Amino acid sequence: MKAQDAVSLTRTLLGFDTVNPPGRERDCAHRAGQLLKDAGFSVEFFDYEPGRTSVVARIGGSEAKPPLCLTGHLDVVPLGTRKWTKDPFSGETDGDKLYGRGTSDMKSGVAAIVVASINLSKILRGKNSPGIVVVLTAAEEGGCVGSARLAELPKLMGKAGAIVVGEPTSNYPMVGHKGSIKFHAHFRGVSAHGSMPQLGVNAIYKAAKAVASLEAFQFGAPAHPVMGGPTLNVGTMSGGSGVNLVPDAASIGVDIRTVPGMDHEKLIARLKEILGDAQLDVFSNLNAVWTEPEKAWMQRVFELCKPILNEKLEARTAPYMTDAANLLKVYAGAPVVVLGPGEAAMAHQTDEYCRMERIGQSVAIYEALIRDWCGV
Ligand SMILES: [Zn+2]
């Protein structure tokens, strides 16, 4: 398979509607998995729910050194409310641009991972190569659910010594990203007639006081030299059922982005104190991902990227979350690079596109990273 094939594989993967919700990654997962199987990989499929399929494929392997993990997600976000001028699923092109939902985020990255892996399969199959493990996940969008479920299966996941995440960076090697805590807080009150508020307990007042406290919240954590400081945003608020009633229920939705070194459990305990008797429903809790740029493997990544990207490389981090936060639960201590052909600015946009030249570059970079890791 040549670099050109990664473009055509991107188009093939685009043709599978994996818009999440509902996801339906199964057919897309099986197509990618079959290609790897045909190239000699041992492939396992894992459905955390019917149709929500992830792929774990490995080749090579030795006792001396764990494999390199390459990972990407198969689901894509909904098309949005604005009308597309291009077909989101057929892979229309215009010059070097390939259009469609998931071209940047991140079926091009998945295709480049699969093609690079297949290209090197013959030499990896031999003994004494650490080998690679390809992890293609379901349900990354909206909370990294698929990878969270995979992280509960250490036997299936095995080991990995470093992780390459093919999320959109225009092939710039990013050394990490912030963590996140997302929660709803539900406030209870006592209903009464709007003309007699003294007889009730107003849940909206409780929520409003909590929102004011959250706006003034001080993390007390030092800013990270590359990522900056942690952030907190109250994104939703709802409550009450009629203007002439004392509301007995209100809730808020909060999104916190953390930096390396912050203790999420301690932070949640502090928030609980502020929120009083509110019921806290934490639906996403993922640590920040950070690899010291001076680390030997990261320096190798920079070196291997430099001739292909032709630019000076410095430590930068991605603005979004990735599955690496979950994969590190099973691949503890592994350095992580986020590097993929998509354009970060195109993720989740109407008329999403990626540049086909970047897909070929990604294949070359992934091959270089695999060869370097496996010494082949
Ligand atoms: Zn993504």
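Residues numbered from 1 in each chain as written. Predicted model: local features only at pLDDT ≥ 70, side-chain atom pairs only at ≥ 80, totals over all residues. Heavy atoms only, no water.

(A) Representation of unusual backbone geometry within the structure. At the junction of Pro21 and Pro22, the peptide bond is cis and its omega measures out at 0 degrees in the coordinates. Inspection of the secondary structure puts Pro22 in the loop between helix H1 (3–14) and helix H2 (26–38). The peptide bond linking Asp105 to Met106 adopts the cis configuration, its omega dihedral lying at -10 degrees. Topologically, Met106 is positioned in helix H3 (residues 103–119). Phi at Asn171 takes a positive value of approximately 70 degrees, unusual for a residue other than glycine. With respect to the secondary-structure elements, Asn171 resides in the loop between strand E7 (162–165) and strand E8 (176–177). Residue classification places Asn171 among the buried residues on the basis of a relative accessible area of 0%. Positive phi, close to 70 degrees, is recorded for His348, a residue that is not glycine. With respect to the secondary-structure elements, His348 resides in the loop between strand E14 (336–338) and strand E15 (353–355). (Helix = DSSP H or I, 4+ residues; strand = E, 2+ residues; numbered from the N terminus. Buried < 20%, exposed > 50% of the residue type's maximum accessible area, 1.4 Å probe, protein only.)

(B) Looking closely at the environment of Val282. Looking at where Val282 falls in the secondary structure, it is placed in strand E12 (residues 279–286). Put simply, Val282 and Lys329 are 47 residues apart on the chain and 18 Å apart in space, counted from C-alpha to C-alpha. Residues contacting Val282, with those up to four places away along its chain left out, are Ile181, Lys182, Phe183 and Ile268. (Contact = heavy atoms within 4.5 Å.)

(C) Looking closely at the sheet that holds strand E1 (residues 42–47). Spatially, six strands are ordered E1-E2-E6-E3-E7-E14 in an open sheet, and the strand pairing comes out mixed. What marks the edges here is a single partner per strand, and that holds for E1 and E14. Here the strands of the sheet are splayed against their neighbours by 15 degrees on average, with no regard to which way each runs. Note: strand E2 (residues 53–59) against strand E6 (residues 132–137), five bridges, orientation antiparallel. Note that in E6 the partner of Ile59 across the bridge is Ile132. Packing of H3 onto the sheet brings it into contact with strand E3 (68–73) and E6, and relative to E3 it is tilted by some 145 degrees. Along the sheet, helix H11 (residues 356–374) makes contact with E3, E6 and E7, crossing E3 at roughly 150 degrees. (Pairing = 2+ DSSP bridges. Axes fitted to C-alpha atoms, helices over the stretch in contact; angles between N-to-C directions.)

(D) Up close: helix H8 (residues 264–275). The end-to-end C-alpha separation of H8 is 16 Å, in line with the 16 Å expected for 12 residues at 1.5 Å each. Among all positions in H8, only His264, Leu267, Ile268, Leu271 and Leu275 are buried. Burial along H8 is one-sided: seen end-on, the buried residues are contained in an arc of 100 degrees. In H8, the exposed positions that point more than 90 degrees away from the buried face belong to Glu265, Lys266 and Glu273. Residues of H8 that are buried in the fold lie against strand E9 (179–188), helix H7 (203–215), strand E11 (249–258) and E12. Count one or two residues on from H8 and you reach Gly276, which has phi positive near 60 degrees. (Expected span 1.5 Å × (residues − 1). Arc of directions from axis to C-beta.)

(E) Quick peek at the coordination of the zinc ion. Within the protein, the zinc ion binds to His73 (NE2), Asp105 (OD), Glu167 (OE) and Glu167 (OE); these donor distances fall in the range 1.9 to 2.7 Å. Read in sequence order, the donor residues coordinating the zinc ion give the pattern H-x31-D-x61-E. With a gap of 94 residues between them, His73 in strand E3 and Glu167 in the loop between E7 and E8 connect regions that are remote in the sequence. Grouping residues by exposure puts His73 and Glu167 together as buried. (Donors = N, O, S within 2.8 Å, 3.2 Å for Na, K, Ca; no water.)

(F) Up close: the packing of aromatic side chains. Taken as a whole, this structure holds three aromatic pairs when the rule is applied. Measuring from centroid to centroid gives 5.1 Å for Phe217 and Phe219, while their planes differ by 90 degrees, and the two rings are edge-to-face. Phe219 shares its class with Phe217; the two are buried. Ring geometry for Trp297 versus Trp373: centroids 6.3 Å apart, planes at 85 degrees, classification edge-to-face. One end of the pair, Trp297, is in helix H9 (residues 296–309); the other, Trp373, is in helix H11, and 76 residues separate them in sequence. For the pair Trp297 and Trp373, a shared accessibility class is recorded, and that class is buried. Sitting over the face of the ring of Trp373, Lys65 holds its NZ or CZ atom 4.0 Å from the ring centroid. Directly above the ring of Tyr99 sits Lys86, whose terminal nitrogen or CZ lies 4.8 Å from the centroid. (Phe/Tyr/Trp six-rings, centres within 6.5 Å; stacked < 30°, edge-to-face > 60°. Lys NZ or Arg CZ within 6 Å of the ring centre and 35° of its normal.)

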